[in-house]
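# Summary of the model geometry
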Amino acid sequence: MRRLLLPFFFCGLVIIIFLNACNEETIKYQSYYSSGSALYKTHCSNCHMDDGEGLEALIPPLTDTTFLKNNREKLACFIVYGLKDTIVINGKTYDGVMPAETHLAPIEIAKLLTYITNTFGNNQGIYELSEVEKNLRKCD
Amino acid sequence: MKFLKYITILSISTLLFSCSQNGKRLPFLGEMQTIDRMEGGKLVIDTFYQTIPNFSFVNQDSVVINNDSLKNSIYIADFFFTSCPSICPIMSKNMLSVYKKYKRNNEVRFLSHTIDPKHDTIPVLKKYANKLGVEGTQWSFLLGNRDTVYNIARHGYMNYAQENADIPGGVEHSGYFILVDKDRRIRGAYDGTDKQQVENLTNDIDILLNEYKSVKK
């Protein structure tokens, strides 16, 4: 009986740690998402609009999940250094100018990106701070 | 016979009177001036409302737009610039919704004045209009001398346009849409960033168009 108790106790501990970690992840995601939503309203929605639909051929929508996935590592650079390129979003060409947003800390960018990559039809999970920091070192 | 004539006059005037009573009219905004004068020994008071001063600008197709080009139209005026990062995209989006509603009705026109003429040259304005999906001259994006535009914004449209280095884009301005009637009088001002007020604008456009329908001059 005593020999069984230790493994049983150990297993229980593992389960508790696992559940707890899982919970912490969702809490973190939710907090990123809701702060991200507020940041989006202040810094992005005047151009990309509340619904992420952008403006005609002037400002691209944020609804192109494939584009956001393929360019995941560049998104932080787009925000910090701006974007002046010719891009194709949902099959339409855009050649506008997005100004650099230099007032945002990496943690705020992580929250913003968590928000946009999980709204407007996107569902790509949390965007970690470490990811932002790593990607920002690679901007060209 | 004389009796019949009186009846006719009476009924016509009742008709006219009831027309102006039923049809809702828009107020006149801006400064009002009254001038007293004598006519046939009687005091007559004439009321003058603020009007938009003379102007002449060019639009995205290098067409000259002045008061004359607008004499048979009511119009909505605003002030913007193409590289504006703050409120302009929302204003353009809201103006676009109004434009779409009255598209091809030349009795309703749109004037968007750039307050950044250095950057917003005619080709830049043309590109902006194209990308917004605007064709023809119903909606004109106007280029003019900077001081002239600022002056007409401030004194003509009671608007406000002033450079401000503190805010992104460097130029701050009010986001108002101003409704002007065929006689150059200001009949409404609406926050162009506010969906509800923009809805009020479309209601008021209908009321104003109706004024011209019922009151044949």
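The numbering scheme is per chain: residues are counted from 1 as the chain's sequence reads. By the order in which they are written, chains take letters starting at A while ligands take numbers starting at 1. Local features in this predicted model are restricted to residues whose pLDDT is 70 or higher, and side-chain atom pairs enter the listing and the counts only when it is 80 or higher, whereas totals over whole chains, interfaces and linings include all residues. Only hydrogens and water are removed before side-chain values are computed, so all heavy atoms of the structure are retained for them.

Moving on to the interface of chain B and chain A. Only heavy atoms enter the contact rule, under which two residues are in contact if any of them lie within 4.5 Å. Contacts between chain B and chain A engage twelve residues on the former and 15 residues on the latter. Taken together, both faces of the contact between chain B and chain A bury some 1,100 Å²; the carbon and sulfur share is 63%. Values labelled buried area give the accessible surface lost by two parts on being combined, using a 1.4 Å probe and summing over both. For chain B, the biggest contributors to the area lost against chain A are Pro89(B), Lys93(B) and Lys131(B); these three give 52% of the whole. Put simply, a salt bridge is a Lys or Arg side-chain nitrogen that is within 4 Å of an Asp or Glu carboxyl oxygen. Taken together, the links from chain B to chain A amount to three salt bridges. One salt bridge in this structure joins Lys100(B) and Glu56(A), with 3.5 Å as the shortest N-O distance. Mapped by element, the contributors of at least two residues to the side of chain B that touches chain A are helix 2 (88–102) and helix 3 (122–132) of chain B. Segments assigned H or I by DSSP are reported as helices when at least four residues long, segments assigned E as strands when at least two residues long, and all are numbered from the N terminus. A total of six residues in the side of chain B that touches chain A trace back to one element, the largest contributor, which is helix 2 of chain B.

This brings us to the confidence of the model for chain B. Residues and elements named next belong to chain B. For chain B, mean pLDDT is 84; residues scoring 70 or higher make up 82% of the total. The secondary structure element of chain B with the lowest average pLDDT is helix 1 (residues 2–22), at 45, and the one with the highest is strand 7 (residues 139–142), at 98. On a range of 0 to 100, pLDDT expresses the predictor's confidence in each residue. Per-residue pLDDT stays below 50 along residues 161–165; that stretch engages in 17 contacts with residues further than four places along the chain or on separate chains. Taken together, the stretch residues 167–172 has pLDDT below 50 and engages in 16 contacts with residues farther than four places along the chain or on a different chain.

Now for the state of the cysteines. Residue and element names in this part refer to chain A. Count a disulfide wherever a pair of cysteine sulfur atoms falls within 2.5 Å. A complete count under the given rule lists two disulfides over all chains for this structure. The disulfide bridge from Cys77 ends at Cys139, spanning 2.0 Å between sulfur atoms. Between Cys77 and Cys139, the disulfide has an S-S torsion of -90 degrees and is therefore left-handed. Within this pair, whereas Cys77 is found in helix 4 (residues 75–81), its partner Cys139 is found in the segment after helix 6 (129–136), the two being separated by 62 residues in sequence.

Time to look at the pattern of salt bridges. Inspection of every chain in the model, using the stated rule, returns 17 salt bridges over all chains. Note that Lys131(B) and Asp95(A) form a salt bridge whose closest N and O atoms lie 2.5 Å from each other. With Lys131(B) in helix 3 and Asp95(A) in the loop between strand 2 (92–94) and helix 5 (106–116), the pair connects residues from two separate chains. The rule is simple: take the accessible area with a 1.4 Å probe, protein chains only, and divide by the maximum for that residue type; under 20% is buried, over 50% is exposed, in between is partly exposed. Given a relative accessible area of 35%, Asp95(A) falls into the partly exposed group.

Next up on the list: the layout of surface pockets. As defined here, a cavity is a set of points on a 1 Å grid over the protein atoms alone where a 1.4 Å probe fits but cannot get out. A pocket is an open set with protein on both sides within 12 Å along at least five of seven lines, and residues line them when an atom is within 4 Å of a point. Grid points are joined across faces, edges and corners, and a volume is the space filled by probe spheres set on the points. If you add up the space inside the second largest pocket, you get close to 340 Å³. Around the second largest pocket, the lining comprises 13 residues; the ones closest to its centre are Met49(A), Ile90(B), Lys93(B), Asn94(B) and Lys195(B). Among the elements of the structure, helix 2 and helix 5 (195–214) of chain B are those that each provide at least two residues to the lining of the second largest pocket. In terms of residue count, helix 2 of chain B provides more of the lining of the second largest pocket than any other element does, five residues in total. Residues belonging to the lining of the second largest pocket are distributed by class as follows: four nonpolar, four polar and five charged. Under the grouping applied here, Gly and all other residues not named as nonpolar or charged are polar, the nonpolar ones being Ala, Val, Leu, Ile, Met, Phe, Trp, Tyr, Cys and Pro and the charged ones Asp, Glu, Lys and Arg.

All names here are of chain B. Only strands that DSSP links by at least two bridges are regarded as paired with each other. One open sheet accounts for five strands, arranged 7-6-5-10-11; its pairing is mixed. Here the strands that pair on one side only, and so sit at the sheet edges, are strand 7 and strand 11 (186–191). Geometrically, the sheet is characterised by an average inter-axis angle of 20 degrees between neighbouring strands, direction not taken into account. Where strand 5 (residues 74–80) and strand 10 (residues 176–180) come together, three bridges link them in antiparallel fashion. Bridging from a neighbouring strand, Ile76 pairs with Leu179 of strand 10. Angular values range over 0 to 180 degrees, each being the angle between N-to-C directions of two axes fitted as lines to C-alpha atoms, with helices fitted over their stretch in contact.

Turning our attention to the side chain of Asp116(B). Residues and elements named next belong to chain B. By secondary structure assignment, the location of Asp116 is in the loop between strand 6 (108–114) and helix 3. Charged residues are defined narrowly, with Lys and Arg counted positive, Asp and Glu counted negative, and His plus the chain ends left uncounted. Buried and without a salt bridge, Asp116 has Lys118 as its closest oppositely charged side chain, separated by 6.6 Å. Excluding residues that lie within four positions of it along the chain, Asp116 makes contacts with Phe81 and Ser83.

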